[in-house]
Amino acid sequence: MKTLLAALGLLVLAACAQAADPIIIKFSHVVAMGTPKGKAAQRFKELAEQYTGGAVRVEVYPDSTLYKDKEELEALQLGAVQMIAPSLAKFSPLGIRSFEVFDLPFLFDDEGKLHRVTNGPVGEELLESLESRGIKGLAFWDNGFKSFSANRPIHRPEDLRGLRMRIQSSQTLYEQMRALGAQPEVMGFSEVYQALKAGVVDGTENPHSNLYTQHMHEVQSHVTISRHGYLGYAVLTNLRFWESLPGDVREALARAMKEATLYENSIAREENARAIERVRASGSTEVYELSAAEREAFRQALLPVHRKMAARIGPDLIEAVYEATGFDPSPR
Ligand code: LMR
């Protein structure tokens, strides 16, 4: 009976789609199609179109082709795009600083601990906080743990001293680089490759899938697997747009988003592992993995950033994340 009703629902949706122009969802993002986010956006498109029986058409604009990351939040609020999935490090232009909790160095040991936050009450509250800005948070999507890259070997915190390091627009990442004695430079994602190539900046940090698909390794002689911080996303839509959708369409889209999210989070780790293998195979870049003792030296150098950012991010939020993850700042 349930299946029959679902099938009937689809038929009705399809009939409506034929009768009216489809609802267009422009989904803008800044990374390549071959990244976890790029693949999941594509999967969402397929599922959304299928589950709404064509009542919705999703147009995905990858690689900053429609908006760069500085503009996409504004475009979403203005209704020029209906969906974006910015990195959690890029929410401060909204006047919301709490998402920078995800930028705190060494906060998450692994994806499991991260998911305790994103899939739990803290994650839910964070997404809800966006509604005051006219934004509906639909899901968290993984990317992965960041590595440093530069044109010199990076084995110790001191190796970053004096380097101009490109960062995303997060005050917490700014303080992270300052704690290492580097000079942080905020820059849009679409400009990073050229800036590295021209020597405008000396290095950067990113998960491997971003590094590889933007060809950054071709202009960086060294990559250090440091796992010193996490980079992930929130999928956002315009609240007014979302609420204006017919209930059955909204339900179908929520279902598509749920499945695209499961898909995203199931491929992210593997995509990043594959990307670093490709970087290694390219022969252009030396890939080094920090030893446990070297990693601990970075951890000790960066833990003071947690205290420094507490007032900005919110001490209660940081405490709630520590509790959810079992974070332990003592030396290992
Ligand atoms: C970056 O700017 O480095 C990342 O946020 C890009 C992305 O969306 O993964």
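Worth saying up front: this structure is predicted, and the values here are computed from it rather than measured.

1. A closer look at the domain arrangement of the protein
Each domain of the protein was delimited in the assignment, giving domain 1 (2-86 + 111-142 + 233-268) and domain 2 (147-229 + 274-324). Each of domain 1 and domain 2 has a C-alpha centre, and these two points are 29 Å apart. Taken together, the 16 residues of domain 1 in the interface contact twelve residues of domain 2. Interface area lost by domain 1 to domain 2 is led by Asp 69, Val 117 and Val 122, which between them contribute 31%. At the junction of domain 1 with domain 2, the criterion picks out zero salt bridges. The tally of links from domain 1 across to domain 2 stands at three residue pairs in polar contact (both at pLDDT 80 or more).

2. Let's talk about the sheet that holds strand β8 (residues 204-206)
If you trace the four strands from one edge of the open sheet to the other, you get β8-β5-β9-β11, paired in mixed fashion. What marks the edges here is a single partner per strand, and that holds for β8 and β11 (286-289). Averaged over all pairs of adjacent strands, the angle between their axes in this sheet comes to 25°, without regard to strand direction. Of the strand pairs in this sheet, strand β9 (residues 222-225) and β11 are connected by four bridges, and their pairing is parallel. Bridge pairing in β11 links Ile 225 to Glu 289.

3. Re the environment of Asp 328
Its place among the elements puts Asp 328 in the segment after α13 (315-325). Given a relative accessible area of 38%, Asp 328 falls into the partly exposed group.

4. Examining the pattern of salt bridges
Between side chains of opposite charge, pairing is possible as soon as their charged atoms come close. A complete count under the given rule lists 19 salt bridges for this structure. Close ionic contact of Glu 175 with Lys 308 constitutes a salt bridge, the shortest N to O distance being 3.2 Å. Remark: Lys 308 occurs in helix α12 (residues 304-313) and Glu 175 occurs in helix α6 (residues 171-179); sequence separation between them is 133 residues. Overall, Lys 308 belongs to the exposed group, its relative accessible area being 57%. For Arg 274, the salt bridge goes to Glu 270, with nearest N and O atoms at 3.0 Å. Residue Arg 274 and its partner Glu 270 are located together in helix α10 (residues 247-282), separated by four residues, close to a single helical turn.

5. As for the side chain of Glu 205
Relative to the assigned elements, Glu 205 resides in strand β8. Of the residues examined, Glu 205 reaches a relative accessible area of 3% and is grouped as buried. Only 3.0 Å separates the side chain of Glu 205 from the side chain of Gln 176, close enough to count as a polar contact. For Glu 205, the side chain forms a polar contact with the side chain of His 228, separated by 2.6 Å. Residues within four places of Glu 205 in sequence aside, it is in contact with Lys 146, Ser 147, Phe 148, Arg 166, Ile 167, Leu 173, Gln 176, Met 177 and His 228.

6. Structural notes on α10
For α10, built from 36 residues, the straight-helix expectation of 52 Å at 1.5 Å per residue is met to within 8% by its first-to-last C-alpha distance of 49 Å. At Ile 267, α10 shows its maximal kink, close to 35°. Trailing α10 by a residue or two, Gly 283 shows a phi angle of about 75°, which is positive.

7. Considering unusual backbone geometry
Of all residues except glycine, most have a negative phi; of all peptide bonds, most are trans. The backbone of Phe 106 sits at a positive phi, close to 60°, despite the residue not being glycine. Here Phe 106 is to be found in the loop between β3 (83-84) and α4 (111-118). We note that Arg 227 has phi near 50°; this positive angle belongs to a residue other than glycine. If you trace the backbone, Arg 227 turns up in the loop between β9 and β10 (230-238).

8. A look at the side chain of Glu 296
Position of Glu 296 among the secondary structure elements: in helix α11 (residues 292-302). When its relative accessible area of 13% is taken as the criterion, Glu 296 is described as buried. In this structure the side chain of Glu 296 is engaged in a polar contact, spanning 3.4 Å, whose partner is the backbone nitrogen of Arg 332.

9. So, the pairing of strand β1 (residues 23-28)
As paired strands, β1 and strand β2 (residues 56-61) are joined by six bridges and run parallel to one another. Bridge pairing links Ile 24 to Arg 57 in β2. The parallel pair β1 and β2 is bridged by helix α2 (residues 36-51), and the resulting crossover is right-handed.

About the thresholds
Residues numbered from 1 in each chain as written. Predicted model: local features only at pLDDT ≥ 70, side-chain atom pairs only at ≥ 80, totals over all residues. Heavy atoms only, no water. Domains from an automatic or database assignment. Contact = heavy atoms within 4.5 Å. Buried area = accessible area lost by both parts, 1.4 Å probe. Salt bridge = Lys/Arg side-chain N within 4 Å of Asp/Glu carboxyl O. Polar contact = N/O pair within 3.5 Å; in protein donor to acceptor, adjacent residues only side chain to side chain. Pairing = 2+ DSSP bridges. Helix = DSSP H or I, 4+ residues; strand = E, 2+ residues; numbered from the N terminus. Axes fitted to C-alpha atoms, helices over the stretch in contact; angles between N-to-C directions. Buried < 20%, exposed > 50% of the residue type's maximum accessible area, 1.4 Å probe, protein only. Expected span 1.5 Å × (residues − 1). Bend = angle between axes of the 7 residues up to and from the residue. Right-handed = clockwise from strand over helix to strand, strands pointing away.

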